[in-house]
Amino acid sequence: MKRPKLKKASKRVSCSKRYKIQKKVKDHTRKLRKELKKKGGASKRPKKDLGVPNSAPFKEEVLREAEQRRQEIDEIKDKKKQAKKVERAQKRKREKVTGKKETEPKAKKPLQEVVVEQPEKEPGPDKGSKQYLCSELNKVIDASDVVIEVLDARDPMGCRCPQLEEAVLQRGGNKKLLLVLSKIDLVPKENVEKWIQCLQLEFPVVVFKASQQIQDKTVRARKSRIVASNEVLDRSRAAACSGNGCLSEFLSSYATKTENEAQLKVGVVGFPNVGKSSLINSMKGILACNAGVKRGITKSMQEVHILKNVKLIDSPGIMAAPSNPPASMALRSLQVEEGGVSAHEAVRTLLKQCDHSQIMLQYNVPDFRNSLEFLTLLAKKRGYLQKGGIPNAEQASTAFLDDWTGAKLSYHCKASENRDLPAYMSAAVVAEMQTGWDLNSLKTGNEGTLKDVKCPSQAGSIGLTSKGPTAGLLRVEDVTEEKPLLRVVEISVGKPADAASERAEQNDENNQPEQTPEEVTANGTKAEEPPIKRNPGRVQFESVPVDMSVSAASTGDAYDFNTDFN
């Protein structure tokens, strides 16, 4: 019987197995190549000389020249060899005659280094000190022909500094003062128009919306594939800038009218985070000055050429006087940056000035009783959590203040209709400040800027009451470097932190000191306590009475079911 033929095993494998084998082979060869490279054995192969192609013109002449060059190189090498042989022979002859071997000349001793003591350089000024910032601000005012005071359109009156305006008016040289309302895209349009009517009674007013996406000139802008069909929508985005054309024409027309042949120097001043550096960057079109939400980025004056006859000068922010009301200081987080007040206290001060329902709608949080509960809800909403899922109230408070100081949150203050002129101004000063400007073109330019910018509605913006102009420090003599004082907060042992903060807020609102039950006698009068000797150099802690009875512990934590079944 014939044996049946057996089929050979197929060499076909699955694609995944084949790809896996190929990958392993690649990795193995790469590994071998790396090891050879480390040992120095994996040198590149010398490239083969392809010679002169046949299609090249004058091939024979090129080859002949190459051959001649090769012969010349060989001849030079032979001559060098012969010269060395002759030199060695002469050396041997001299040694035979003298009987002494010629030694090589000794190497010269290195010269000893002479250390010259240089005089110690005097330390330069501290650029972060208040005195330095104040002197730089005065330099900008002295060097400027026109001073632009940048005001946040959300609170223009709170961003004005009477000391700065008075200093500009008192300086000689026919200086002009100009007001610029920035961040107009965060304020309702009707409110901006009222502020223009109010402020232009004293100085010329220009509305401006800076671009938030200015790039460095070394970074190439990527071309966007999506092109907006509506031009108004495209202009109202964060990358668009409105009002720069109006402001540049306004300044250039004034520069041509002046008799001075040099460039018109325009100083840009104002409180921190009002948009001074952003205005210069938007006018220039590139990132010429550093800008950000953090206070104190600009620490010295910087000149930026905008037009052929106009030059802008950036300046550090005005330092606020400590005598200002806490609401105006918290609105621009001035005390928080200096370390005088904690971020939580600044948030508490701002929440007292706002409507409760508007804050709930703006931040999309439920009803809250106090500032600590609001910060806890905001931390949970934005994901600011610590280890163990505990809400980070400190991070939430800094984010809340960044929203108010930066160009993010929309709020507005009502313009004062009947406002008298300040003491340092008069009708003659107002007329002098408005001479030389083309006010008609300014009016049409402001109307066009407001038409281009998309402003929020009145209902979508938080309403605030302005606390008036903010006092600033301009003279170096008035500035004193003070160390921040640490506040000691005592919380009773038997009460949680939330209750303590809530109780403190209620006492702040009523402006009454808190009294404990132990301090009040049966007659309702406050009991007199013996005087306690205090040492000013040490921190003393007083004992706090703690109620450890069962009734006190049970009534505080017990839940009253009768409230649900009345």
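In this text, all values refer to a predicted model and were calculated from it rather than measured experimentally.

This next bit is on the overall build of the protein. When you go through the protein residue by residue, the secondary structure sums to 18 helices and ten strands. When each of the 566 residues of the protein is scored for burial, the buried share is 31%. Put simply, of all contacts in the protein between residues at least 6 apart along the chain, 75% involve residues at least 24 apart. Here the protein displays about 40,200 Å² of accessible surface, and carbon together with sulfur accounts for 52% of that area.

Let us now look at empty space enclosed by the protein. The tally for this structure, following the rule as stated, stands at two cavities of 30 Å³ or more. Its boundaries defined by the atoms lining it, the largest cavity holds a volume of some 100 Å³. Taken together, 14 residues line the largest cavity, and the ones lying closest to its centre are Asp-155, Ala-327, Leu-331, Thr-465 and Lys-467. The set of elements that each furnish at least two residues to the lining of the largest cavity consists of helix 9 (326-331) and helix 11 (343-353). In terms of residue count, helix 9 provides more of the lining of the largest cavity than any other element does, three residues in total. Class assignment for the residues of the lining of the largest cavity results in five nonpolar, six polar and three charged. Every residue lining the second largest cavity is listed: Asp-152, Arg-154, Cys-159, Pro-272, Asn-273, Leu-331, Arg-332, Trp-404, Thr-405 and Tyr-411. The residue inventory of the lining of the second largest cavity, partitioned by class, reads five nonpolar, two polar and three charged.

Next up on the list: the side chain of Lys-276. One can find Lys-276 in helix 8 (residues 276-284). Of the side chains bearing the opposite charge, Asp-314 lies closest to the buried Lys-276, which forms no salt bridge; the N-O distance is 6.0 Å. In contact with Lys-276, other than residues within four places in its own chain, are Val-150, Val-268, Val-269, Gly-270, Phe-271, Asp-314, Ser-315, Pro-316 and Gly-317.

Along strand 2 (residues 176-182), seven of the seven residues are buried, which leaves the element largely enclosed by surrounding structure. Neither face of strand 2 is open: one carries Lys-176, Leu-178, Val-180 and Ser-182, the other Leu-177, Leu-179 and Leu-181, and all of them are buried. Strand direction decides the pairing type here: strand 1 (residues 146-152) and strand 2, joined by seven bridges, are parallel. Its bridge partner being in strand 2, Val-150 is matched across the sheet by Val-180. Pairing geometry for strand 2 and strand 3 (residues 205-207), over three bridges, is parallel. Its bridge partner lying in strand 3, Leu-179 is registered against Val-205.

All right, on to unusual backbone geometry then. Although it is not a glycine, Lys-183 sits at a positive phi angle of roughly 60°. Its identity as a non-glycine residue notwithstanding, Asn-273 has a phi of 65°, on the positive side. Relative to the elements of secondary structure, Asn-273 occurs in the loop between strand 4 (264-269) and helix 8. A relative accessible area of 14% places Asn-273 in the buried class.

Relative to each other, helix 13 (residues 371-382) and helix 14 (residues 393-405) sit at 90°, their axes nearing to 8 Å. Between helix 13 and helix 14, the angle is such that the two are roughly perpendicular. Counted together, Leu-372, Phe-374, Leu-375, Leu-378, Ala-379 and Arg-382 of helix 13 and Ala-393, Ala-396, Ser-397, Ala-399, Phe-400 and Asp-403 of helix 14 form the full contact between these two elements. Of the residues contributing to the contact of helix 13 with helix 14, the split by class is nine nonpolar, one polar and two charged.

One pass over the full model with this rule turns up eight aromatic pairs. Residues Tyr-363 and Phe-400 carry aromatic rings whose centres are separated by 5.4 Å and whose planes lie at 40° to one another, so their mutual orientation is tilted. With Tyr-363 in helix 12 (residues 356-363) and Phe-400 in helix 14, this residue pair connects regions lying 37 residues apart in the sequence. Residue Tyr-363 is classed as buried on the basis of its relative accessible area, which comes to 7%. Overall, the relative accessible area of 0% leaves Phe-400 in the buried class. Taken together, the ring pairs in this structure connect Tyr-363, Phe-368, Phe-374, Phe-400, Trp-404 and Tyr-411 into an aromatic cluster.

So, on to the pattern of salt bridges. Within this structure, the stated rule accounts for 13 salt bridges. Between Lys-139 and Glu-136 there is a salt bridge; the shortest N-O distance is 3.2 Å. Residue Lys-139 and its partner Glu-136 are located together in helix 3 (residues 130-143), separated by three residues, close to a single helical turn. With relative accessibility at 5%, the residue Glu-136 sits in the buried group. A cluster of three or more residues bridged by salt bridges with shared partners is formed by Asp-152, Arg-154 and Lys-183.

On to the side chain of His-412, then. Counting through the fold element by element, His-412 comes out in strand 8 (residues 411-413). A polar contact of 3.2 Å, which involves the side chain of His-412, links it to the side chain of Gln-458. The residues touching His-412, leaving out its near neighbours within four places in the chain, are Arg-154, Val-187, Pro-188, Asn-191, Gln-458, Ser-461, Ile-462, Gly-463 and Leu-464.

With that settled, consider the pairing of strand 5 (residues 302-305). The pairing of strand 5 with strand 6 (residues 310-314) spans four bridges and is classified as antiparallel. For Gln-302, the partnering residue across the bridge sits in strand 6 and is Asp-314.

With respect to the helices and strands, Lys-311 occurs in strand 6. C-alpha of Lys-311 to C-alpha of Val-266: the two residues are 45 residues apart in sequence and 6.1 Å apart in space. A distance of 3.3 Å separates a polar atom in the side chain of Lys-311 from a polar atom in the side chain of Glu-303.

Moving on, we come to the sheet that holds strand 6. Taking strand neighbours across the sheet as the criterion, the six strands line up as 3-2-1-4-6-5 in an open arrangement whose pairing is mixed. The sheet is open, and its two borders are formed by strand 3 and strand 5, each paired with just one other strand. Each strand axis lies, on average, 30° off the axis of its neighbour in the sheet, ignoring direction. The strands that helix 8 touches are strand 1, strand 2, strand 4, strand 5 and strand 6; relative to strand 6, the one it contacts most, it runs at about 150°.

Okay, the nonpolar core next. One recurring pattern in soluble globular proteins: nonpolar side chains tend to sit buried together. Within the largest apolar cluster, 94 residues are counted, with the highest numbers of intra-cluster contacts made by Leu-181, Leu-251, Ile-359, Tyr-363, Phe-374, Phe-400 and Trp-404. Here this core takes six residues from helix 7 (residues 244-257), the largest share from any one element. Not counting residues up to four positions away in its chain, the partners in contact with Leu-181 are Leu-151, Ala-153, Pro-156, Trp-195, Ile-196, Leu-199, Val-205, Val-206, Val-207 and Phe-208.

For the rest of this paragraph, the subject is a positive patch on the surface. Taken together, the side chains of Lys-77, Lys-80, Lys-81, Lys-84, Lys-85, Arg-88, Arg-92, Lys-93 and Lys-96 make up a positively charged region of the molecular surface. Within the secondary structure, Lys-85 sits in helix 2 (residues 59-98).

What counts and what doesn't
- Residues numbered from 1 in each chain as written.
- Predicted model: local features only at pLDDT ≥ 70, side-chain atom pairs only at ≥ 80, totals over all residues.
- Heavy atoms only, no water.
- Helix = DSSP H or I, 4+ residues; strand = E, 2+ residues; numbered from the N terminus.
- Buried < 20%, exposed > 50% of the residue type's maximum accessible area, 1.4 Å probe, protein only.
- Contact = heavy atoms within 4.5 Å.
- Areas by Shrake-Rupley, 256 points an atom, 1.4 Å probe, with all protein chains shown as cover.
- 1 Å grid on protein atoms, 1.4 Å probe; cavity = no way out; pocket = protein on both sides within 12 Å on 5 of 7 lines; lining within 4 Å.
- Points joined across faces, edges and corners; volume = space filled by probe spheres on them.
- Nonpolar A, V, L, I, M, F, W, Y, C, P; charged D, E, K, R; others polar.
- Lys, Arg positive; Asp, Glu negative; His and termini not counted.
- Salt bridge = Lys/Arg side-chain N within 4 Å of Asp/Glu carboxyl O.
- Pairing = 2+ DSSP bridges.
- Axes fitted to C-alpha atoms, helices over the stretch in contact; angles between N-to-C directions.
- Parallel < 35°, antiparallel > 145°, perpendicular 65-115°, else oblique.
- Phe/Tyr/Trp six-rings, centres within 6.5 Å; stacked < 30°, edge-to-face > 60°.
- Polar contact = N/O pair within 3.5 Å; in protein donor to acceptor, adjacent residues only side chain to side chain.
- Core = buried A, V, L, I, M, F, W, Y, C linked by side-chain atoms within 4.5 Å.
- Patch = residues over 30% accessible without salt bridge, like charges linked within 9 Å, V, L, I, M, F, W, Y side chains within 5 Å.
- Charge placed at Lys NZ, Arg CZ, Asp CG, Glu CD.

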